[in-house]
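Architecture at a glance
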Amino acid sequence: MPPGAPARLRITQTETATLPDGRWITRWTFGAPGGVTAEVLSLGARLEALHAPDRDGHRANVVLGGAHVADLLGDAAYFGATVGRYANRVARGRLPLDGTVHHLATQPTGHTLHGGPDGYATRLWEGEAVREEHRVGVRLRLHSPDGDQGFPGALTAEVGYLLDAHGELTIEYRATTDAPTVVNLTNHAYFNLAGEGNGTVLDHRLRVDASGYLPVDDDLIPLGPVAPVDATPFDLRDPHPLADRFALHHPQLGPAGAGYDHTWVLDGTGLRTAAVLTDPASGRRLECRTTEPGLQVYTGNLFDGSVTGRSGRPYRAHAGIALETQHFPDSPNRPDYPSTVLRPGEEYRSTTVYRLGTTAG
């Protein structure tokens, strides 16, 4: 291979495990050998692993995931998954739309989270390998019938994972409906740039390009208006170690369990940088760009060791951080928030890019 030429991109497809009903789960592994490679499962259209080199060239998986299928159907159901039909929370499962109030399936909290107790994270998606000139990956599709978890309208959802030789993973979402509904899809990967199972992310440095955020109540439902981040732990316009921000003991850190589980209202529009996460020890750097108006940051505050990762190590508090690009939680009940309504003849489109690289020592 000539000096400076990108590594040849490859993709393989295997049947990796079975669900309790006997259906096979498919895994696609793709990327540049020796560089960044991804693993995606048909179960939940899930980013199961993302291997990346550190500043010295040593590769590690930087995405958390359950070690067994039972985990992915249980406590680790959201890890790396495509969540929907509505990512994040809908208060009391109440969905008003065009003069009718639809009642969604709810979790034990009494609210609807990530599409309900049987959301898209535990569904088996249909997928096919994709090979482009400069990218390789997989596109997955799911049909969600009218009334699924209480949502009106039959929805056809598609998510594509496409990785280039430079470590840029693009996630493309598409959806259409046969009746008015709401759509808010996101990826729920947890990152630990030191390597999956390798301690906490408290020493990671996070920058979020947002001047405002959404304060929440004790059930993590937004209180309403956007609040400025100024003089709060939510001011991440300059990068800060997470531990330093949490040490400020702001009352809004309490509802999430001593950390973040909040939406930042991103500055700007179009595909732009939302956040940059770095691990000073390994030198790994993750840039997140998105077309979405919000970024939900969750720092794994309530991880209790009940999930063991592929490393064989249990995940405890702050073992990973989720950077979920999305519209705002509870938007159907908040007419002042950006609309998530999708109507027949329209196409839901959303793009998020995670770029992995390194920083100097």
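Residues numbered from 1 in each chain as written. Predicted model: local features only at pLDDT ≥ 70, side-chain atom pairs only at ≥ 80, totals over all residues. Heavy atoms only, no water.

So, on to the overall build of the protein. A count of helices and strands for the protein gives two helices and 30 strands. Computed over the C-alpha atoms, the radius of gyration of the protein is 19 Å, within 12% of the 21 Å expected from 2.2 N^0.38 for a compact globule of 361 residues. Counting only C-alpha atoms, the protein reaches 60 × 50 × 40 Å along its principal axes. Across the 361 residues that make up the protein, the buried fraction comes to 58%. Sequence-distant contacts in the protein: of pairs separated by 6 or more residues, those separated by 24 or more amount to 65%. A total of about 14100 Å² of accessible surface is found on the protein, and carbon and sulfur atoms cover 50% of it. Counting 32 positive and 42 negative side-chain charges, the protein places the averaged centre of each group 4 Å from the other. (Helix = DSSP H or I, 4+ residues; strand = E, 2+ residues; numbered from the N terminus. Rg over C-alpha atoms; globule rule 2.2 N^0.38 Å. Buried < 20%, exposed > 50% of the residue type's maximum accessible area, 1.4 Å probe, protein only. Contact = heavy atoms within 4.5 Å. Areas by Shrake-Rupley, 256 points an atom, 1.4 Å probe, with all protein chains shown as cover. Lys, Arg positive; Asp, Glu negative; His and termini not counted. Charge placed at Lys NZ, Arg CZ, Asp CG, Glu CD.)

A word on the pairing of strand E25 (residues 294–298). Remark: a regular strand shows side chains that alternate across the two faces of the sheet. For E25, the buried fraction is high: five of the five residues fall into the buried class. Of the two faces of E25, the one lined by Gly 294, Gln 296 and Tyr 298 and the one lined by Leu 295 and Val 297 are each fully buried. Pairing of strand E22 (residues 261–266) with E25 involves five bridges; the strand directions are antiparallel. If you follow His 262 over to E25, its bridge partner there is Val 297. The pairing of E25 with strand E28 (residues 321–326) spans five bridges and is antiparallel. Bridging from a neighbouring strand, Gly 294 pairs with Gln 326 of E28. (Pairing = 2+ DSSP bridges.)

It is worth spelling out the sheet that holds strand E20 (residues 227–228) at this point. Strand order in the open sheet formed by six strands is E17-E28-E25-E22-E19-E20, with antiparallel pairing between adjacent strands. Only two strands of the sheet have a single neighbouring strand rather than two, namely strand E17 (190–191) and E20.

Time to look at the nonpolar core. Phe 30, Tyr 161 and Leu 206 are the most contacted members of the largest nonpolar core, which has 60 residues in total. Of the residues forming this core, the biggest block, five residues, is contributed by strand E13 (residues 155–164). Membership of the second largest hydrophobic core comes to 16 residues, among which are Leu 41, Val 69, Tyr 298 and Ala 319. (Core = buried A, V, L, I, M, F, W, Y, C linked by side-chain atoms within 4.5 Å.)

Throughout the structure, instances matching the rule amount to 14 aromatic pairs. Each ring, one from Phe 234 and one from Trp 264, has its centre 5.5 Å from the other, and the planes form 50°; the classification is tilted. Here Phe 234 is found in the loop between E20 and strand E21 (240–241), whereas its partner Trp 264 is found in strand E22, with 30 residues between them in sequence. Judged by relative accessible area, which is 0%, Phe 234 ranks as buried. Their ring planes at 80° and their centres at 5.0 Å tell us that Phe 246 and Tyr 260 sit as a pair that is edge-to-face. (Phe/Tyr/Trp six-rings, centres within 6.5 Å; stacked < 30°, edge-to-face > 60°.)

Moving on, we get to unusual backbone geometry. The omega torsion across Gly 84 and Arg 85 is 10°, close enough to zero to call that bond cis. The backbone of His 318 shows a phi angle near 70°, a positive value even though the residue is not glycine. For His 318, the location among the structural elements is in the loop between strand E27 (314–316) and E28.

So, on to the sheet that holds strand E18 (residues 205–208). With antiparallel pairing, nine strands are arranged side by side in an open sheet as E11-E12-E13-E14-E30-E24-E23-E18-E21. Strands with a single pairing partner mark the edges of an open sheet, and in this sheet they are strand E11 (126–131) and E21. Relative to E13, strand E12 (residues 135–144) runs antiparallel, the two sharing 10 bridges. Counterpart to Arg 141 in the pairing with E13 is Glu 158.

With respect to the element layout, His 327 can be found in the loop between E28 and strand E29 (341–342). Of the polar contacts made by the side chain of His 327, one reaches the side chain of Glu 292; its length is 2.7 Å. Once residues within four sequence positions are removed from consideration, His 327 is found in contact with Asn 184, Glu 292, Pro 293, Pro 338, Ser 339 and Thr 340. (Polar contact = N/O pair within 3.5 Å; in protein donor to acceptor, adjacent residues only side chain to side chain.)

A few words now on the side chain of Arg 46. Within the element layout of this structure, Arg 46 appears in strand E4 (residues 46–53). Buried charged residue Arg 46 carries no salt bridge. Nearest counter-charge: Glu 48, at 7.1 Å. Look past the residues within four positions of Arg 46 in its chain and what remains in contact with it is Glu 39, Val 40, Leu 41, Leu 72, Ala 76, Ala 77, Tyr 78, Phe 79, Gly 80, Ala 81, Ala 121 and Tyr 161. (Salt bridge = Lys/Arg side-chain N within 4 Å of Asp/Glu carboxyl O.)

Bringing the pattern of salt bridges into the picture now. Using the criterion set out here, one finds 24 salt bridges in the structure. Its salt-bridge partner being Arg 27, residue Glu 39 comes within 3.2 Å of it at the nearest N-O pair. Of this pair, Glu 39 sits in strand E3 (residues 37–41) while Arg 27 sits in strand E2 (residues 24–31), and the two are 12 residues apart along the sequence. With respect to burial, Glu 39 and Arg 27 carry one shared label: buried. Residues Glu 347 and Arg 349 are paired through a salt bridge, measuring 3.0 Å at the closest nitrogen-oxygen approach. On the basis of relative accessible area, Arg 349 is assigned to the exposed category, the value being 52%. What you see here is one network of salt bridges that share partners, running through Glu 128, Glu 132, Arg 135, Arg 139, Arg 141, Glu 158 and Glu 172.

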